[in-house]
Amino acid sequence: MIRNSNFSSKKPILYLVATPIGNLKELSTRTLDVLKEVDYIFCEDTRVSSKLVNLCGVKKRFISCHEHNEAMATKEAIRLLKEGYKVAYMSDAGMPCISDPGYILVRECLINEINVSPISGPNAALNALIASGLPTDHFYFHGFLNAKDSVKKEELRKLYKRQETLIFYESPHRIDKTLKCMHEIFGSRKACIAREISKIHEEFIRGNLEEFLTLDKETLKGEMVIVVEGNDEEITAMPEEKEIVNLIRNFTNMGMSTKDAIKKASDLLNLPKNKVYSIYHGN
Ligand code: SAM
């Protein structure tokens, strides 16, 4: 166990700086103070971050640290921090490490006895969640699904039983197919698309996954978060025993082994495998 008291320790400190996801006014005065104070800023794209930091009237040295060079950049950051320089890391938008680089940097800093402090700020997932109208008490953040539909559906199937509200990131190029896959796996659960949060075209589309199939994809531009209701056991009606048996028979008729058919049926119906097993075998 290691206890790190960030501001009363003499250890070097890496600042993880969250940046605006839309509106530049999301930059807090604390963020500005930290940006003024540090010597080096590691960032995903030096052009994006230097533009933002220059707007704050601050001139800094920028070093690129993105998903393809994070390990190398991390070594450089650790060297500078150990030499006594002040270092911050920021991604292009939102919080570092959240569907963005930063985790390797944080992990290695901690191994090297460098403290890590978050400079809190915007994040697309949490902003989408709180305004979605879906339950916020428990939630699961997934980030981006795989681009390939077959893998995407498998990922969604694994999430089928989760009762927490589910949060996904998606790009406008894939939103159409992703909504279709979600409907196929989750049915017509309640959902919300949070688009262009804190920008001029901010929009929240609240409804259900079935209704979302009718959306004109030309109107789904920009950055988006999809928030989906978790599995509500109470609305998932227990099917009749003969329906369960018929489902398993359909699978075995298609060439599946009885064992696999029982597993597939229990996954699809969100029922414990041993329960489906005993219904099928009549005990
Ligand atoms: N690190 C960021 C964060 O803390 O939210 C996320 C970065 S991830 C590479 C980019 C994705 O976040 C986008 O594809 C979109 O799904 C979501 N996103 C970012 N900005 C957004 C915004 N203003 N409105 C809606 N979604 C946004």
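Model, not experiment: these values are computed from the prediction.

Draft legend 1. Expanded view of the layout of surface pockets. Considering only enclosed or pocket space, the largest pocket measures out at about 490 Å³ in volume. Contributing to the lining of the largest pocket are 24 residues, with Ala93, Ala124, Phe144, Tyr169 and Glu223 lying nearest its centre. Looking at the lining of the largest pocket, its residues break down into 12 nonpolar, 5 polar and 7 charged. Estimated volume of the second largest pocket: approximately 340 Å³. Taken together, Glu154, Arg157, Lys158, Tyr160, Lys161, Glu184, Ile185, Lys263, Lys264, Asp267 and Leu268 form the lining of the second largest pocket. The leading source of residues in the lining of the second largest pocket is helix H10 (residues 258-269), at 4 residues.

Draft legend 2. Quick peek at the pattern of salt bridges. In this structure the tally under the stated criterion is 15 salt bridges. As a salt-bridge pair, aspartate 176 and lysine 180 come within 3.5 Å of each other at their nearest N and O atoms. One end of the pair, aspartate 176, and the other, lysine 180, are both in helix H7 (residues 175-186), 4 residues apart, so they sit about a helical turn from each other. The exposure class of lysine 180 is partly exposed, given its relative accessible area of 47%. A single salt-bridge network, built from bridges that share partners, covers Glu76, Arg79 and Glu83.

Draft legend 3. Region of interest: the nonpolar core. Leu156, Phe168, Met182, Phe186 and Val228 are the most contacted members of the largest nonpolar core, which totals 22 residues. Looking at this core, the elements with two or more residues in it are helix H6 (149-159), strand S7 (165-170), H7, strand S8 (190-195), helix H8 (209-212) and strand S10 (224-228). If near-sequence neighbours (up to four positions away) are discounted, valine 228 is found in contact with Leu134, Thr165, Leu166, Phe168, Met182, Phe186, Arg189, Lys190, Ala191 and Leu209. Judged by nonpolar contacts, the second largest core, of 17 residues, contains Ala73, Ile78, Leu81 and Val87.

Draft legend 4. Region of interest: the sheet that holds strand S4 (residues 87-90). Sheet architecture is open: 5 strands sit in the order S3-S2-S4-S1-S5, paired in parallel fashion. The open sheet has two edge strands with one neighbour each: strand S3 (61-64) and strand S5 (115-119). Sheet twist, expressed as the average angle between the axes of neighbouring strands with direction ignored, equals 25°. Sheet strands touched by helix H3 (residues 70-82): strand S1 (13-17), strand S2 (40-43), S3 and S4. Its angle to S2, the strand with the most contacts, is close to 160°.

Draft legend 5. Structural detail: the site of the ligand. The ligand sits among 19 residues. The nearest are Met95, Asp100, Asn123, Tyr169 and Met224. Separating a nitrogen atom of the ligand from a side-chain N or O atom of aspartate 100 is a distance of 2.8 Å. Comparing atom positions with the cavity grids shows the ligand to sit within the largest pocket. Going through the elements one at a time, S7 and S10 are the ones with two or more residues in the shell around the ligand. Along the lines of polarity and charge, the residues of the shell around the ligand split into 11 nonpolar, 3 polar and 5 charged.

Draft legend 6. Highlighting unusual backbone geometry. Of note, the phi angle at cysteine 97 is positive, near 75°, even though the residue is not glycine. Turning to its location among the elements, cysteine 97 is positioned in the loop between S4 and helix H4 (103-111). Taking relative accessible area as the criterion, cysteine 97 reaches 29% and is therefore assigned partly exposed.

Draft legend 7. Quick peek at helix H9 (residues 241-253). If you check H9, its first and last C-alpha atoms are 18 Å apart, about what 13 residues at 1.5 Å a residue would give, namely 18 Å. Within H9, the full set of buried residues consists of Ile244, Val245, Ile248 and Phe251. Along H9, the residues classed as buried sweep out an arc of 120° about the axis, all on the same side. Those residues of H9 that are exposed and angled more than 90 degrees off the buried face are Lys242 and Asn253. Its buried side turned inward, H9 meets H10 and helix H11 (273-280).

Draft legend 8. Main features of the sheet that holds strand S6 (residues 139-144). Taken together, 5 strands build an open sheet; the order of strands is S6-S7-S10-S8-S9 and the sheet is mixed. The outermost strands of the open sheet, each flanked by one partner alone, are S6 and strand S9 (203-208). Looking at each pair of strands side by side, their axes are set apart by 15° on average, direction ignored. Relative to S10, S7 runs antiparallel, the two being bridged by 5 bridges.

Draft legend 9. Local environment of the packing of aromatic side chains. Within the structure shown, the criterion is met by 3 aromatic pairs. The interplanar angle of 90° and the centroid separation of 5.4 Å between the aromatic rings of tyrosine 40 and tyrosine 85 together place this pair among those described as edge-to-face. In this pair, tyrosine 40 is assigned in strand S2 and tyrosine 85 in the loop between H3 and S4, connecting sequence segments 45 residues apart. For tyrosine 85, a relative accessible area of 31% puts it in the partly exposed group. For the pair phenylalanine 141 and tyrosine 169, a centre-to-centre distance of 5.1 Å together with 70° between the ring planes defines the contact as edge-to-face. Remark: tyrosine 169 occurs in strand S7 and phenylalanine 141 occurs in strand S6; sequence separation between them is 28 residues. Taken together through their ring pairs, the aromatic side chains of Phe141, Phe144 and Tyr169 make up a single cluster. A cation over a ring is seen here: arginine 61 above tyrosine 40, with NZ or CZ 4.5 Å from the ring centre.

Quick notes on the rules
Residues numbered from 1 in each chain as written. Predicted model: local features only at pLDDT ≥ 70, side-chain atom pairs only at ≥ 80, totals over all residues. Heavy atoms only, no water. 1 Å grid on protein atoms, 1.4 Å probe; cavity = no way out; pocket = protein on both sides within 12 Å on 5 of 7 lines; lining within 4 Å. Points joined across faces, edges and corners; volume = space filled by probe spheres on them. Nonpolar A, V, L, I, M, F, W, Y, C, P; charged D, E, K, R; others polar. Helix = DSSP H or I, 4+ residues; strand = E, 2+ residues; numbered from the N terminus. Salt bridge = Lys/Arg side-chain N within 4 Å of Asp/Glu carboxyl O. Buried < 20%, exposed > 50% of the residue type's maximum accessible area, 1.4 Å probe, protein only. Core = buried A, V, L, I, M, F, W, Y, C linked by side-chain atoms within 4.5 Å. Contact = heavy atoms within 4.5 Å. Pairing = 2+ DSSP bridges. Axes fitted to C-alpha atoms, helices over the stretch in contact; angles between N-to-C directions. Near = heavy atom within 4 Å. Polar contact = N/O pair within 3.5 Å; in protein donor to acceptor, adjacent residues only side chain to side chain. Sits in = over half its atoms within 2 Å of the grid points. Expected span 1.5 Å × (residues − 1). Arc of directions from axis to C-beta. Phe/Tyr/Trp six-rings, centres within 6.5 Å; stacked < 30°, edge-to-face > 60°. Lys NZ or Arg CZ within 6 Å of the ring centre and 35° of its normal.

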